[in-house]
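# Coordinates in review
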Amino acid sequence: MKTLIIAEKPDMGRTIAAVVEPKASNKRTYLEGDRFIITWAIGHLVTLAEPDQYDARYKKWNDQDLPIIPQTFKLWPNARTKDQLKTIGELAKRCGRLVNACDAGREGQLIFHLIRQYLKLPQPTDRLWISDLTPETIRKGFDTLRSDEEYAPLTRAARARSEADWLIGMNASRAFTIRHKALLSVGRVQTPVLALLYDRHKEITAFQSDMYYVVKASFDQSGFGYSGIWQGDRLTDKAKAEALAAKTQGKPGIIKDYQTAESKEYPFRLHDLTLLQREANGRYGYSAKKTLDIAQALYEKHKAITYPRTNSNYVTEENLPVMQKVLSMLQGNDTYRELANGADRSRVHKGNKAVCNPAKVEDHHAIMPTPKRPSGLSTEEQNIYDMIVRRFLSQYYPPAVYKNHTVLTEVEGETFRTKAKELLDIGWKVVQQDQAQTAKKTSKRKGSEKDEAEADEEELLMDKPFSIEPSQGVRCVKSEALEKTTQPPKAYTEGTLLKAMESAGKSMEDDELREAMKDTGLGTPATRAATIERLKQVGYVGLTGKKLEISSKGCAAIELIRGAGVDLLASPEMTGRWEQRLHQISRGEASDDQFIMKVKQFAAMIVDKVRQQRPAAPGTFEERESGGKRGTAAVGAKKGSRTTKAASGSREHSTAASASSSSRSSTSGTRTAAASSSRQTAASSSSTREPIAACPRAGCHGHIIEGKRGFGCSAFRDGCTFVIWKEQQGKTISITMIKSLLEKGATSQLTFKRPDGSSMKSKFVLIDRDKGTLTVQ
């Protein structure tokens, strides 16, 4: 009998077929050759059943039915792909053996085994475990097939993850929705991530900015110029700062101390998925989901990179020969030929633990290019591919070498410190595109007061010699008092949120410490993008440029969850430990039965706590911010009885709660059900608002209407992002002011308070007619 190979997606199935059965007949939904039949899933063909598929009474959301805790979880076919599921069942009857060729990871394991369980396939099964889709790797993978039984712990971990998400999502979402009469999506992973955004939002809004002064002096020694920052206690008195500047300007000085030290900067580690997503977000503004989709296309469609859903930054010894082939391919590529020819092959070897570290490779090695030269890449695909290639090439170059200079200059008894970083050898940084930025001033990221003090001391990054003679005098040619203000914590971007998720919410700049925390992160590299998208879809989070901003609905959700006494549900560290336990289950070090038993107990406890909670105050959910774009907040709707009615008995909302688990198992239809319902409610309310003026956004035919917190466009459902917030620079924007901004581009003169208490005359000016951004001029 033949062997049935089940891939995760059609492209993967056809790629495998081209290697193992090149003359296979194409039957549209499968390919058949002499030895193998190759077919595929289309993502999740089978999922965990909805509550009403256990009992029809669960179609209505009633408190007395909670908690819903199945003794045995039922499976249900995805209605959109049931024909493909039927095809697999029919093909399996003609085959005596199966090969699980789904993605080599926890979720791929789940996809295959849910199909196998639902169809009751008894055939012995082998596992194809490969990290790229090149012909050589596929052939090697089939030559070294292992029994799927060896991956049983991973299968148990995958099931446990899916069931835990169902238990928390179904019970917590229903409990909070019923109690507070507003559709609230709660999830094992998404809620702690939302809590990260909430806590950062509170830090920013509670931040009190303080003004202080920095005295900066410019020095000259025989034509060589450098600058320094006055050393002393923080200056909060402007007069004192200006007196210091006047005291030292134009005066002679001496070099009190001069120290130099050499340092080396080694190449960044090879990409894992999270690092790739963070870099792409910072460089190109790509969302985590977009980067994952592009990387998946480079892997599946173009065969140009290795498996992207990895959490490792290292390779094993068996990858080293392939890396040499990749380097040879790049030497023949016009774009990378010069860099590849300059690479030193001897630098990548089994003794280089910064690259080859088998102990830190579990399911998959780091993301790398394959030996296949890609063609036909889109601009976005080329951008991601280029990042991966350059990170790969950097491993073959020496470290960048710097000479660090620290100078203490004394003028009139006052000390100024200078820090300069002189580039001696560019090393691996030659592979970076932004070489024009090599010689520029940089400052450290601001955080605490100590960090800000350090950031005020500019570090000069120089590609020419820093040349001073310590024994000779200098002259202070200029000295000035610079006004500064302390800065609040930065709002999360997708890139920085991914980093926080990876380290279970702990702010870790130390890479080694962050590496140690990988097993306790929120979600997995494969699911983090879906979690962020979910928060957008349910209206908890919106985007302002690159910033992720929590909506009033998101704030209310976290406050209600914490107020119910189920803080653990919003705890990044707790959920990180759950993820660690799932990881231990996948390695056979922990029991999945005990894990699920504890999750069931936790789900029941959540329901009991919420029952005792006081219902949300009227008006708590009057306003919402639609996922994806912040502009809709200004026209957020009153929900009241509409939401209550919608939440009371619709299977659509049951599906929405199910989707709260951040995994690839959810379909786009179920995942957006709650957001769609809320958009309709918002649209109904916003249509009754009186228009103030036409929307100034180019090509938009909507009108500006007033919301609780701002003035937004009635065409938000069509993608218009225009919004002007009412609270600006300590003032409230009135309808008169909004009309003036929309008609004239500015308000009349207004009186503003300076931080020192004095007044100034200025006006609001509309500087961005697409988004509604204002400035004071």
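Keep in mind it's a predicted model, so treat the numbers as computed, not measured. Each chain has its residues counted from 1, following the order in which its sequence is written. For this predicted model, a pLDDT threshold of at least 70 governs which residues receive local features, and a threshold of 80 or more governs which side-chain atom pairs are given and counted, while totals over whole chains, interfaces and linings are taken from all residues. Side-chain descriptors were evaluated using all non-hydrogen atoms of the structure, hydrogens and water having been removed beforehand.

### Notes on the nonpolar core
- To qualify as a nonpolar core, a set must consist of buried Ala, Val, Leu, Ile, Met, Phe, Trp, Tyr and Cys residues joined through side-chain atoms within 4.5 Å. Relative accessible area decides the class of each residue, using a 1.4 Å probe on protein chains only: under 20% of the type maximum gives buried, over 50% gives exposed, and in between gives partly exposed. Grouped together as the largest cluster of nonpolar side chains are 87 residues, with contacts concentrated most on Leu 4, Phe 176, Leu 497, Leu 569, Phe 595 and Ile 606.
- Here this core takes eleven residues from helix H5 (residues 152–180), the largest share from any one element.
- Ignoring any residue separated from it by four or fewer positions in sequence, one finds Leu 4 in contact with Ile 37, Thr 39, Ile 88, Leu 91, Ala 92, Cys 95, Arg 97, Leu 98 and Val 99.
- Listed in part, the 63 residues of the second largest apolar core include Ala 343, Val 355, Ile 367 and Met 368. Helix and strand definitions here come from DSSP, where helices need a minimum of 4 consecutive H or I residues and strands a minimum of 2 consecutive E residues; each element is numbered from the N-terminal end. Any two residues whose heavy atoms approach within 4.5 Å at even a single point are treated as in contact.

### Quick word on the packing of H5 against helix H18 (residues 572–586)
- Under this scheme, a helix contributes an axis fitted over its contacting stretch, all axes are lines through C-alpha atoms, and angles between N-to-C directions fall in the 0 to 180 degree range. Orientation of H5 relative to H18, taken along the N-to-C sense of each, is 150 degrees, at an axis distance of 7 Å. One finds that H5 runs roughly antiparallel with respect to H18. For the pair formed by H5 and H18, the contact residues are Pro 153, Leu 154, Arg 156, Ala 157, Ala 160 and Arg 161 on the first element and Leu 582, Ile 585 and Ser 586 on the second.
- Residue polarity follows a fixed list, in which Ala, Val, Leu, Ile, Met, Phe, Trp, Tyr, Cys and Pro are nonpolar, Asp, Glu, Lys and Arg are charged, and the others, Gly among them, are polar. Among the residues forming the contact of H5 with H18, the class breakdown is six nonpolar, one polar and two charged. Any angle between 65 and 115 degrees counts as roughly perpendicular, while under 35 counts as roughly parallel, over 145 as roughly antiparallel, and the rest as oblique.

### Observations concerning the sheet that holds strand E23 (residues 723–725)
- Pairing is antiparallel across the open sheet formed by four strands, whose spatial order is E20-E21-E22-E23. Edge positions in the open sheet fall to strand E20 (693–694) and E23, since each of these has one partner strand only. At least two DSSP bridges between two strands are required for those strands to pair.

### Some points on the pattern of salt bridges
- The salt bridge definition used is simple: a Lys or Arg side-chain nitrogen within 4 Å of an Asp or Glu carboxyl oxygen. Evaluated as defined, the whole model comprises 35 salt bridges.
- Taking the shortest distance from any N to any O, the salt bridge between Arg 347 and Asp 344 comes out at 3.9 Å.
- Judged by its relative accessible area of 32%, Arg 347 falls in the partly exposed class.
- In the salt-bridge network here, residues are joined through shared partners; they are Arg 106, Glu 107, Arg 161, Asp 165, Arg 188 and Glu 579.

### Some points on the packing of helix H2 (residues 82–92) against helix H3 (residues 106–119)
- Viewed as axis vectors pointing N to C, H2 and H3 meet at an angle of 70 degrees, and their least axial separation amounts to 11 Å. What the angle tells us is that H2 and H3 run roughly perpendicular. The interaxial crossing formed by H2 with H3 has right-handed handedness. Contacts between H2 and H3 pair Leu 85, Ile 88 and Gly 89 from the former with Ile 115, Tyr 118 and Leu 119 from the latter.
- Residues that form the contact of H2 with H3 fall into these classes: five nonpolar, one polar and no charged. Handedness of a crossing is defined here by the sense of rotation of the near helix relative to the far one, left-handed for an anticlockwise turn of less than a right angle and right-handed for a clockwise turn.

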